Amino acid sequence: MPGKLWLVPTPIGNLEDITLRALRVLKEVDLILAEDTRTSGRLLHHYEISTSTRAYHLNNEHAVLASLIARLQSGEHLALITDAGSPGISDPGFLLVRECWRNAIDVEALPGATALIPAITASGFPCNKFVFEGFLPPKKGRTKRIQTLLEEDRTVILYESPHRLVKLLEELDAAVGSGRREIAVAHELTKHFAFIKRGAPAELLNYFRETPPKGEFVVLLAPANGKLERDESPPEC
């Protein structure tokens, strides 16, 4: 009988943000696939988890895919974790999950930490409807994609690295022009120096030019219709 692949979210900054069920699964599986075994090793050591680990990341996922499917087919249970957050969300996971479905191997995803949900719920932007874009393309098609997203009538959520944040704010400021468009930037959520700043692109651009960005960022674009209130009867966030 085949085993099961478990998708296990890990904390995005605060080690306490992991569920009891996630800890149990990590202790019980035969192998933990980790994006970076050194990074995940600190989490596993903190919770006294001695399960064997193996590297699984964007640079080797194609090469090791067949061997992992073989282990699952033989009855082993595997857990997939990333450096932080939920596997598959701007992180490795999709390829392995798709192959499990093709081979009739059970996949179970546990709920848990991810940066986009606390960012949007704390931003004050509408969260009954939103678009998660992840990381924008670094070059080809970037400008056109930004313009398309600025036309969205739903809140847009982006991920951005510290060395590209100022560039993104410059691009948003140029695309908005003289019009008013509010954005929010969430920094290092759940960590000691976490904060969310909200305002026009030019305002946030001035701040981050004076305060060089460090760490990871979530950038949120308010809906194009300028409506920052909820609909009359939206579903709960």
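In what follows, the structure referred to is the one given above.
In this convention, every chain numbers its residues from 1, walking through the sequence in written order. Residue-level local features of this predicted model are given only where pLDDT is at least 70; pairs of side-chain atoms are given and counted only at 80 or more, and the full residue set underlies all totals for whole chains, interfaces and linings. The basis for every side-chain value is the complete set of heavy atoms in the structure, and neither hydrogens nor water enter the calculation.

Asker: Explain the packing of aromatic side chains to me, please; I cannot follow it from the model alone.
Answerer: Both the distance between ring centres and the angle between the ring planes are used here to describe each pair of aromatic rings. Two rings belonging to Phe, Tyr or Trp (six-membered ring only in the last case) form a pair when the distance between their centres is within 6.5 Å. Interplanar angles under 30 degrees mark stacking, angles over 60 mark edge-to-face geometry, and anything in between is tilted. Taken as a whole and assessed by the stated rule, the structure comprises six aromatic pairs. Ring geometry for F195 against Y207: centres 6.4 Å apart, planes inclined by 80°, an arrangement best described as edge-to-face. Of the two residues, F195 sits in strand β9 (residues 195-199) while Y207 sits in helix α8 (residues 201-210), which places them 12 residues apart along the sequence. Classification of F195 by relative accessible area gives partly exposed; the value is 25%. Three labels apply to residues, based on accessible area from a 1.4 Å probe with only protein chains included: buried if under 20% of the type maximum, exposed if over 50%, partly exposed otherwise in between. The class for Y207 is partly exposed, based on a relative accessible area of 27%. Seen in terms of ring centroids, Y207 and F208 are 4.9 Å apart; in terms of plane orientation they differ by 85°. Their pairing is edge-to-face. In textbook terms, an aromatic cluster arises when at least three aromatic residues are bridged by ring pairs, as seen for F195, Y207, F208 and F217. Working rule: Lys NZ or Arg CZ, within 6 Å of ring centre, within 35 degrees of ring normal, means a charge sits over the ring. Seen from the ring of F195, K197 lies directly overhead, with NZ or CZ sitting 5.5 Å from the centre. Taking NZ or CZ as reference, K197 lies 4.4 Å from the ring centre of Y207, over its face. Secondary structure follows DSSP: runs of H or I at least 4 residues long count as helices, runs of E at least 2 residues long count as strands, and numbering of each begins at the N terminus.

Asker: How should the packing of helix α6 (residues 142-150) against helix α7 (residues 162-176) be read in this particular structure?
Answerer: A packed helix pair is summarised by two numbers, namely the angle formed by the two axes and the spacing between the axes. The axes used here are C-alpha line fits, helices contributing only the stretch in contact, and every angle between their N-to-C directions lies in the interval 0 to 180 degrees. One way to put it is that α6 packs onto α7 with a least axis distance of 10 Å and a crossing angle of 60°. The angle between α6 and α7 falls in the class oblique. Crossing handedness for the pair α6 and α7: right-handed. From α6, R142, I146, Q147 and L150 reach across to α7, where they touch K167, L168, E171, L172, A175 and V176. Classifying every residue of the contact of α6 with α7 by side-chain character gives six nonpolar, one polar and three charged. Should an angle fall under 35 degrees it is called roughly parallel, over 145 degrees roughly antiparallel, and 65 to 115 degrees roughly perpendicular, with every other angle called oblique. Should the near helix be turned anticlockwise from the far one by less than a right angle, the crossing is left-handed, and should it be turned clockwise, the crossing is right-handed. Contacts are residue-level and defined by heavy atoms, with any inter-residue pair within 4.5 Å sufficient. Note that Gly is not counted as nonpolar here; it falls among the polar residues with everything else outside the nonpolar set of Ala, Val, Leu, Ile, Met, Phe, Trp, Tyr, Cys and Pro and the charged set of Asp, Glu, Lys and Arg.

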